[in-house]
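Structural overview for review
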Amino acid sequence: MRRALTIVVAAATAAVMFAPPGLAEAGKSAQALKWGECPADVAKHGLQCTTIDVPLDHRKPDGEQIQLAISRLASKNPDKRRGVLLTNPGGPGGSGLDFPGGLVDLKMPQSVLDSYDIIGFDPRGVGRSTPVTCDLTTEQQNRGNIPPYARNAADVLTHARNSKIVADQCAKSKTANLLPYVSTAATARDMDRIRDALHEDKLSFLGYSYGTHLGAVYTTLFPDRGDRIVLDSNLAPGGLDRTGSRLFGPGMEKRFPDFAKFAAAKPEYNLGTTPEAVTAKYFDLAARLDKAPVQGYDGALFRLVTFASLYRDSRMPQLAEIWKALDTNQPPPPMAAAEAQPNVENAVASHLYVICNDSRWPKSVGSYLHDASVDRKRYPMFGASGANIRPCAFWRSEPAEPPVRVGDRGPSNVLLAQNTRDPATPLSGAEQMRRALGDRARMVTADQGGHGVFLIGANKCATDTVTAFLTTGERPQDDRTCVAEPG
């Protein structure tokens, strides 16, 4: 869960309900897995690793192959083992090879660890799986995956020029031949190859953030191969598209009052004695930094760091210290080491490959100028960031497979978990996902802020609901709302 500054959370357009005829069944895996030690930076809690080969193009199962790196935290209680729980921590572009160990660190209940072999993997294009690149410079990497806040039309045009350069680099990179094949649909098909290689008839799934879209696509493509599907902190049903990016604006507006209340209660920060005063301080600091950066922070970086810090309540003290330092022209504390990405270039590049394949982005710069202007007024805190242009507007390739439209056909075996005040994947997007899945799904909503419910949030009601579903199959008969609990 350490990818706050490089994860973009958004929602995608989709084109087909199910796979083209024959594609979902193409090419069964007959690979014998040989588990061994994991790389040093992944090895903990007894995690084992291996690799499998999957088709670059799932329409040609016997054609060119690429490699996936997968990990396993095996159940130590064979009598209680149910099967496998495939996991995804979010992204796209996020490595998941170490995620089973991360779930242990997050205090995954022993009952869940007993019930499953917990499986992690680096999706195609990412990390130790066959990786992709856009040959990004250090400056381009530092821009990350969330567009900068556009103060005016000139900012949109500047970012458009930068975005076109990035798109051109991706198209000319040494992995440009992979451009059409790195998508959510292809990754979902890879997941089914992993299931088959594990000799399992079905798989259960736990996905966070972008992982909710991946899980929803998988259970749409392979409705009878999913066992218990948990989607935590949900995107809208399309995944990561133009609409989803623009949800950052209302998400920030809904979540920010939690920080304003926190900072107002702490006079040592000197950011205001009321939530209203703290809110005014946000706009004052952003405007000042727009005119004259302080300690390496301009207005765009200030807004981005504030947005990303709202993912967790635990980050609020550090965020308040950053504000205090910038307000007084003092060196701000460094972002926590846990925020570091080991390979930012690959994370940013693979993110772009996926989101640009997953939906049809507007090509007209004018549409982004319009949207940024609208969202700057409607959601002044962060709306002109989510509405800004991306390299996808200049993308040169077409996906090998059209996006998958999430639908409601299949068994009723999906549980959505959602916070009411999530800045990145707001409740409104989760409600759209819930409607798209229909009677296949139930949703548990926790009255709390932040990005992440199960094992991450503090709401015991929501955590217990997810745990019960994973271990016993018990799921609320109707959607459930968990009231706020004392912090």
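Residues numbered from 1 in each chain as written. Predicted model: local features only at pLDDT ≥ 70, side-chain atom pairs only at ≥ 80, totals over all residues. Heavy atoms only, no water.

**With respect to the overall build of the protein**
For clarity, the threshold we go by: Starting at the N terminus, helices and strands are each numbered in turn, a helix being any DSSP run of H or I of at least four residues and a strand any DSSP run of E of at least two. With the radius of gyration taken over C-alpha atoms, the globule rule is written as 2.2 Å times the number of residues to the power 0.38. Exposed residues in this analysis have more than 50% of their type's maximum accessible area, buried residues have under 20%, and partly exposed residues fall in between, with area computed by a 1.4 Å probe over protein chains only. Each accessible area value is a Shrake-Rupley result obtained with a 1.4 Å probe; residue values ignore everything except the protein chains displayed when judging cover.
From N to C terminus, the protein includes 16 helices and 10 strands. Taken over the C-alpha trace, the protein has a radius of gyration of 22 Å; the compact-globule value for 487 residues is 23 Å, and the two agree within 12%. Expressed as a percentage of its 487 residues, the buried residues of the protein come to 60%. Accessible area for the protein stands at about 18,600 Å²; split by element, carbon and sulfur atoms hold 52% of it.

**Re the state of the cysteines**
Here is the rule we go by: Criterion for a disulfide: a pair of cysteine sulfur atoms at a distance within 2.5 Å.
According to the stated counting rule, one finds four disulfides in the structure shown. Here Cys38 connects covalently by a disulfide to Cys49, the sulfurs 2.0 Å from one another. The sign of the 95 degrees torsion about the S-S bond sets the Cys38-Cys49 disulfide as right-handed. Separated by 11 residues along the polypeptide, Cys38 in the loop between strand E1 (36–37) and strand E2 (48–55) and Cys49 in strand E2 bring together distant segments of the chain. Cys49 carries the same exposure label as Cys38, and that label is buried. Between the sulfur atoms of Cys461 and its disulfide partner Cys482 the distance amounts to 2.0 Å. Looking along the S-S bond of the Cys461-Cys482 disulfide, the torsion reads about -60 degrees, which is the left-handed sense. On the criterion of sequence distance, the pair formed by Cys461 in helix H16 (residues 460–472) and Cys482 in strand E10 (residues 480–482) is long-range, its members being 21 residues apart. The buried category is assigned to Cys482, whose relative accessible area is 1%. For the protein, the disulfide bridges join cysteines in the arrangement 1-2, 3-4, 5-6, 7-8, where the cysteines are counted in sequence order.

**As for the pairing of strand E7 (residues 226–232)**
This is how the line gets drawn: Strand pairing requires that DSSP identify at least two bridges connecting the strands. When the strands point away from the viewer, a crossover counts as right-handed if the path from the first strand over the helix to the second runs clockwise.
Of all seven residues in E7, seven are buried, a share of seventy percent or more. Two elements, strand E6 (residues 203–208) and E7, share five bridges in a ladder whose sense is parallel. Its bridge partner lying in E7, Leu206 is registered against Val230. Crossover connection from E6 via helix H6 (residues 210–221) to parallel E7: handedness right-handed. With four bridges joining them, E7 and strand E8 (residues 414–421) adopt parallel strand pairing. Of the residues in E8, the one forming a bridge with Asp232 is Ala417.

**A few points about unusual backbone geometry**
In this model, Gly91 is joined to Pro92 through a cis peptide bond whose omega is -5 degrees. Inspection of the secondary structure puts Pro92 in the loop between strand E4 (83–88) and helix H1 (99–105). In this model, Asp135 sits at a positive phi of 55 degrees, which is unusual for a non-glycine residue. With respect to the helices and strands, the residue Asp135 is situated in the loop between strand E5 (116–122) and helix H3 (138–143). In this model, Ser233 sits at a positive phi of 70 degrees, which is unusual for a non-glycine residue.

**Here's the deal with the packing of aromatic side chains**
Applied cut-off: Geometry of aromatic contacts follows a simple scheme: Phe, Tyr and Trp rings, the Trp one being its six-membered ring, pair when their centres are within 6.5 Å, and the pair is stacked under 30 degrees between planes, edge-to-face over 60, tilted otherwise.
Applying the stated criterion across every chain yields a total of 16 aromatic pairs. Their ring planes at 85 degrees and their centres at 5.3 Å tell us that Tyr282 and Phe283 sit as a pair that is edge-to-face. Overall, the relative accessible area of 35% leaves Phe283 in the partly exposed class. Ring geometry for Tyr282 against Phe302: centres 5.4 Å apart, planes inclined by 35 degrees, an arrangement best described as tilted.

**So, the confidence of the model for the protein**
This is how the line gets drawn: The predictor attaches a confidence to each residue, and that confidence, scored 0 to 100, is pLDDT. Whether two residues touch is decided by their heavy atoms; if any such pair falls within 4.5 Å, the residues are in contact.
Mean pLDDT for the protein: 92, with 92% of residues reaching 70 or above. Residue range residues 1–27 is modelled with pLDDT below 50. Its contacts to residues more than four positions away, or to other chains, number 114 contacts.

**Focus: the packing of helix H4 (residues 153–172) against helix H13 (residues 365–378)**
Filter applied, for reference: Here an angle of 0 to 180 degrees is reported between the N-to-C directions of two axes, which are lines fitted to C-alpha atoms, with helices fitted over the stretch in contact. When an angle is under 35 degrees it counts as roughly parallel; over 145 it counts as roughly antiparallel; between 65 and 115 it counts as roughly perpendicular; any other value is oblique. Handedness of a helix crossing follows the sense of rotation of the near helix relative to the far helix, less than a right angle counterclockwise being left-handed and clockwise being right-handed. Residues are grouped as follows: nonpolar covers Ala, Val, Leu, Ile, Met, Phe, Trp, Tyr, Cys and Pro; charged covers Asp, Glu, Lys and Arg; every other residue, Gly included, is treated as polar.
Two elements in contact, H4 and H13, have axes separated by 10 Å at closest approach and are oriented at 135 degrees. As the angle between them shows, H4 and H13 are arranged oblique. In this structure, H4 crosses over H13, and the sense of that crossing is right-handed. The segment H4 lies against H13, with Ala153, Val156, Leu157 and Ala160 engaging Val365, Tyr368, Leu369, Ala372 and Arg376. Of the residues contributing to the contact of H4 with H13, the split by class is eight nonpolar, no polar and one charged.

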